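# Fold and contact review
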Amino acid sequence: MPGEHARLSPSAADRWFACPGAPDAEQGLPDTPSPAADEGTTAHALLETALGARQAPSDCTDIPGVNPEMIQHVTAAWRLVAGMQAGCDRLAIEMKVDPGKVFKRDDLWGTSDIVIEHGNHLTVLDFKYGRWPVDPVNSKQLQIYAVGAAAQSLQRIESFTLGIIQPRTAGPPLKLWQVDRVGMTGFAKQLGQAAEATDGSAALRVTGDHCKFCKARSICPEHKKKK
């Protein structure tokens, strides 16, 4: 859901892992609104409401902007989550996760769409309403959510399922990736190093494909050099 973002936002992790200077460069710059982003926000609200109320999305249509096509796609996502949560110890919807606490930072946190615990197994799911396929394999965003959710669990998490729910793509609506504790511990080490690299006014700026959605692209001296 929209709102305040962390300086080291999980959704922008591909960018600040590659360009440590990006978080400070983007500070204070506004997000660019778009109809697609507004549509995604509405779809997320519908799914969150349906899961929280334990009702079908078709019974939660008082949210402005909901239309029949959206109900169809969100219902597909809702059914997938319902199947995966069976017998779970905990289902958390729009869960604020704080992986920054692992590294004693207050600028690294985010909100995970769905977190499901089955004993010492943790499932982290991200709902995408866009049509461009997203792959959960090695997803930094999902892994950051998992690091935070595991740190906040009462259980010692030994294995992880990270997934993308994307009902509007031509491919499968649910894509999953399995990670063990060793793999996640290795990523957490990389995460700490990447976060530390963003500290200080001299944080390196690096251009590349990750610049595409950077809010500071038009004013970045490194990006201008590449034109």
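For the structure itself, look to the data block above.
First things first, this report covers the structure right here in the doc. Keep in mind that what you see is a predicted model, and the values were worked out from it rather than measured. (Residues numbered from 1 in each chain as written. Predicted model: local features only at pLDDT ≥ 70, side-chain atom pairs only at ≥ 80, totals over all residues. Heavy atoms only, no water.)

## Points about helix α5 (residues 140–151)
Compared with the 16 Å implied by 1.5 Å per residue over 12 residues, the 17 Å span of α5 between its first and last C-alpha is a close match. With respect to burial, α5 is a largely interior element, 9 of its 12 residues being buried. For α5, the set of buried residues is Gln141, Leu142, Gln143, Ile144, Tyr145, Ala146, Val147, Gly148 and Ala149. (Helix = DSSP H or I, 4+ residues; strand = E, 2+ residues; numbered from the N terminus. Expected span 1.5 Å × (residues − 1). Buried < 20%, exposed > 50% of the residue type's maximum accessible area, 1.4 Å probe, protein only.)

## Examining the pairing of strand β4 (residues 159–165)
In terms of burial, β4 is largely enclosed, as 6 of its 7 residues are buried. The sheet contact formed by strand β3 (residues 121–127) and β4 spans 7 bridges and is parallel. From the neighbouring strand, Asp126 faces β4, where its bridge partner is Ile164. A crossover connection joins β3 to the parallel β4 through α5; in handedness this β-α-β unit is right-handed. One ladder, built from 7 bridges, connects β4 with strand β5 (residues 174–180); its direction is antiparallel. Within β5, the residue paired with Leu162 across the bridge is Trp177. (Pairing = 2+ DSSP bridges. Right-handed = clockwise from strand over helix to strand, strands pointing away.)

## Re unusual backbone geometry
In terms of backbone geometry, most residues other than glycine have negative phi values and most peptide bonds are trans. Here the phi dihedral of Glu94 falls at roughly 50°; this positive angle occurs in a residue that is not glycine. Turning to its location among the elements, Glu94 is positioned in strand β1 (residues 90–97). Overall, the relative accessible area of 16% leaves Glu94 in the buried class. Despite not being glycine, Lys104 shows a phi value in the positive range, around 55°. Secondary-structure assignment places Lys104 in the loop between β1 and β2 (110–118).

## Quick notes on the nonpolar core
Within the largest apolar cluster, 29 residues are counted, with the highest numbers of intra-cluster contacts made by Trp16, Phe160, Leu162 and Met184. Of all the elements in the fold, those that place two or more residues in this core are α1 (13–18), β1, β3, α5, β4, β5 and α6 (181–197). Not counting the four nearest positions on each side in its chain, Phe160 is found in contact with His121, Leu122, Ala146, Ala150, Trp177, Gln178, Val179, Asp180, Arg181 and Met184. Counting residues in hydrophobic clusters, the runner-up holds 21 residues, among them Ala43, Ala50, Leu51 and Ala77. (Core = buried A, V, L, I, M, F, W, Y, C linked by side-chain atoms within 4.5 Å. Contact = heavy atoms within 4.5 Å.)

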